[in-house]
Amino acid sequence: MGDISEADVQFLKRPQGQDAQADRTLTDTVHDVIEQVKTHGDAALRDFSAKFDKTVPDSFEVSESEINAALADLDPQTRSDSEFAIAQVKRFAQAQLATMKPLEVETLPGVHLGHRIIPIEKVGCYVPGGRYPILSAPVMSIVPAVVAGCDEIIACLPPGAHPAMIAVCHLAGAHRIFKVGGAQAIAAMAWGTESVPVVDKVVGPGNAFVNEAKRQVFGKVGIDALAGPSEIYVIADDSANPQMLAADLLAQAEHDVHTRVGMATTCERIASETLSEIERQLKTLPTAATAGEAWRRQGEIVICRDEEQLIAWADHMATEHLQVHTRDPHATAGKIRNYGSLFIGQNASVVFSDKCCGTNHTLPTMAAARYTGGLWVGAYVKICTHQWIDDHGIAAIAEPAIRQSRTEGMQAHRRAAEIRLRPDEIEGITGGKRD
Ligand SMILES: NC(=O)c1ccc[n+]([C@@H]2O[C@H](COP(=O)([O-])OP(=O)(O)OC[C@H]3O[C@@H](n4cnc5c(N)ncnc54)[C@H](O)[C@@H]3O)[C@@H](O)[C@H]2O)c1
Ligand SMILES: N[C@H](CO)Cc1c[nH]c[nH+]1
C-alpha cells in the first residue's frame, strides 16, 4: 500500500490542474502585504482594508460598546446554538487535554527526565469571515485556547464580518477582538502594529491569502497548520447512498471555488448516480454559483478496483475531511492513515463537525494531513522537557558523553561533562593535570 498514482485508477471526472502562475502571484501579493504591515503598521492595515475589504474601520480594535451591541442584536436562538457549540467543543477539548500528562521518569538510576505541559502565553486566532459568517469558526479557534489556559487570546476577523461573529468571538472567550482580515491580519499578529499586539502563535483557517501569509510568517511566530479552502473526500462501496454523497460534497463545495471535493468508489453505479445527483441538486441549490464552479473546477470521481485500492487512494489524497461509506465503515476506517478528520459511517456527515459536534473543524488541507492532524487543544500548549541528574546519575551519563565529545572533537563539551565527573582534575579549569 502507499504507492499509488493516477495511472492506477479510473477517473469518471477529473479536476482541472493547478495554475502555477496564480500560485506565484499569491506568494508575491502576500509577501508585499507582510512587508508593508511590518514597515508601516496601522497605516498599511488601513490601505489593505480599503483595497481588499472596501471598508476601513474607525478603530481596528472592537470596543466594549460594539461587543455589547453585537450581543444585544444576536438572535436568542443563534446565541443558544452558539453556546451549544461552545459547550461541545469545550467538553471535547477538556477530555483531550486530560490525556496529556506531565511526566517524571528515572531512565537510569539518578537520571531524572520529564516534561511539563505549558500553555502558550499569547495566541492570535484568525476567524474567517469574508464570504459567509461561519459562526462556528471563532468557537473552533478560541475555545481550545481558553481550555489550554493561554493568558492572552486575541481574535482577528475581516472588517466587513457580520456583527454576530464579534458576539461569538466574545462568547467563546476572546480577550480582545480586531477588525482586520486576510494576509494583513496574519502579518499584524506576527509583527505587531500600533493597534494589534504581537502574539506567540497564530492559529485558524482562512482563504488562500490567509494561509499563504501563515506560511510566510512561520518562524517569527508559530502556526497551527495550513488550513485553507475546505476539502472533502468520500470513499464508498455499493452500499452508499448517492443522494447523501452528493449533498455532502456540495456542502463543502459551497465554501469557495477553490474547494476540492471528490469521491472514490468500488462501484461504477454509485459513481455515475452520484455524478447525476450532483447536477440535479445544483439546480435548486441557492449557493450553486460557487458550489457548481468548485465542482466543475475541482470535483473528481474515481473508480477503484477493490477496497484495498480505495484505502490506498484515500491515503494518497490525504484530504481534510474523509467520509467512509462502506458496509463495515469501522473496519475500513481502521486501515486508513492520512486524513484531517475521519467521518465513519453514513450518519457522520462533515456538516456536524463543521458546526457543533465538538471535534475541531479547523483541519489540514492541501495534503498536509500526511504529517499533521487538525487544530486541537494540544496546539495551544508546549510540551517542554527538563532533566536533573543526581550523583548516581553522573557516573552513568558522563563517561559516554565525554567519549562522544572527544570523538566529535568538541573539547569544550568534553570538559563540561568531565568537570562534573572529576571536578578537581581538569587542566585549564580546576588546575588538575587532565585535559
Ligand atoms: N480548513 C479549514 O479548517 C477551514 C475552516 C473554515 C473555513 N475554511 C476556509 O476559509 C476560507 C474563508 O474564506 P473567506 O474569503 O470567506 O474569508 P477569509 O476571512 O479567509 O478572507 C477574507 C479576507 O481575504 C482578503 N482578500 C480578499 N480578496 C483578496 C485579494 N484579492 N488579495 C488579497 N487579499 C484578499 C480580504 O482582506 C478579506 O478580509 C474558505 O476558503 C473556507 O473554505 C477552512
Ligand atoms: N468545513 C469548514 C472546514 O473546512 C468549516 C465549516 C463550518 N461551517 C461550514 N464549514
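For clarity, every value in this text was computed on a predicted model and none was experimentally measured. (Residues numbered from 1 in each chain as written. Chains lettered and ligands numbered in written order. Predicted model: local features only at pLDDT ≥ 70, side-chain atom pairs only at ≥ 80, totals over all residues.)

A. Here's a closer look at the site of ligand 2. Around ligand 2 lies a shell formed by Ile134, Ser136, Ser230, Gln252, Glu320, Asp354, Lys355, His361 and Leu363. Split into classes, the residues belonging to the shell around ligand 2 amount to two nonpolar, four polar and three charged. (Near = placed C-beta within 6 Å. Nonpolar A, V, L, I, M, F, W, Y, C, P; charged D, E, K, R; others polar.)

B. How the structure looks around the domain arrangement of the protein. Taken as a whole, the protein is organised into domain 1 (6–16 + 229–373) and domain 2 (41–102 + 120–227). On a C-alpha basis, the centres of domain 1 and domain 2 stand 28 Å from each other. Opposite the 18 residues of domain 1 that make contact, domain 2 presents 18 residues. Here the side of domain 1 that touches domain 2 is composed, by residue class, of seven nonpolar, eight polar and three charged. (Domains from an automatic or database assignment. Contact = placed C-beta atoms within 7 Å.)

C. Main features of the site of ligand 1. The local shell around ligand 1 holds 30 residues, among which Gly130, Gly181, Gly182, Pro205 and Gly206 are the closest. Within the residue set of the shell around ligand 1, elements represented by two or more residues are helix 2 (42–53), helix 7 (182–191) and helix 8 (208–217). In the shell around ligand 1, the residues fall into 12 nonpolar, 14 polar and four charged. Among the domains, domain 1 (6–16 + 229–373) and domain 2 (41–102 + 120–227) are the pair contributing at least three residues each to the shell around ligand 1. (Helix = DSSP H or I, 4+ residues; strand = E, 2+ residues; numbered from the N terminus.)

D. Looking closely at the sheet that holds strand 13 (residues 341–344). Overall, mixed pairing links the six strands, which are arranged 1-11-10-9-12-13 in an open sheet. One side of each edge strand has no neighbouring strand; the edge strands of this open sheet are strand 1 (10–13) and strand 13. In this sheet, adjacent strand axes meet at a mean angle of 20 degrees when their direction is disregarded. Bridge count between strand 12 (residues 321–325) and strand 13: four bridges; the pairing is parallel. Considered in strand 13, the bridge of His321 is made with Ser341. Sitting on the sheet, helix 10 (residues 268–282) is in contact with strand 1, strand 9 (231–236), strand 10 (260–265) and strand 11 (300–303), with an inclination near 165 degrees to strand 11. Across the sheet, helix 12 (residues 307–317) touches strand 9, strand 10, strand 11 and strand 12, and the angle it forms with strand 9 is around 170 degrees. (Pairing = 2+ DSSP bridges. Axes fitted to C-alpha atoms, helices over the stretch in contact; angles between N-to-C directions.)

E. Structural context of helix 2. Where helix 2 is concerned, the buried positions are Ala44, Leu45, Phe48, Ser49 and Asp53. The buried residues of helix 2 occupy an angular sector of 135 degrees when projected down its axis, which confines them to one face. For helix 2, exposure combined with an orientation more than 90 degrees from the buried face picks out Ala50 and Lys51. Trailing helix 2 by a residue or two, Lys54 shows a phi angle of about 60 degrees, which is positive. (Buried ≥ 20, exposed ≤ 12 C-beta atoms within 10 Å, placed from the backbone. Arc of directions from axis to C-beta.)

F. Structural view of the nonpolar core. By size, the foremost hydrophobic cluster in this structure holds 71 residues, and its most contacted members are Cys125, Cys169 and Ile186. Among the elements that make up this core, the one with the highest residue count is helix 5 (residues 136–148) (eight residues). Ala225, Ile232, Ala246 and Tyr339 belong to the second-largest nonpolar core, a separate cluster that totals 43 residues. (Core = buried A, V, L, I, M, F, W, Y, C linked by C-beta atoms within 7 Å.)

G. Highlighting the pairing of strand 10. For strand 10, the buried fraction is high: six of the six residues fall into the buried class. Here strand 10 shows a buried face lined by Arg260, Gly262 and Ala264 and a second buried face lined by Val261, Met263 and Thr265. Pairing of strand 9 with strand 10, which is carried by six bridges, proceeds in the parallel orientation. Counted as the bridge partner of Tyr233 is Gly262 from strand 10. Each parallel crossover has a hand, and for strand 9 linked through helix 9 (residues 242–253) to strand 10 it is right-handed. Note: strand 10 against strand 11, four bridges, orientation parallel. In the strand pairing of strand 11, Met263 is matched with Ile301. (Right-handed = clockwise from strand over helix to strand, strands pointing away.)

H. Examining the sheet that holds strand 3 (residues 111–119) more closely. Strands sit in the order 2-3-14 across an open sheet of three strands; the sheet is antiparallel. Strand pairing shows two members of the sheet lacking a second neighbour, strand 2 (103–108) and strand 14 (381–389), which therefore form its edges. Adjacent strand axes in the sheet meet at a mean angle of 20 degrees when their direction is disregarded. Here nine bridges tie strand 3 to strand 14, and the two strands are oriented antiparallel to one another. Residue Val111 lies in a different strand from strand 14, and its bridge partner there is Ile389.

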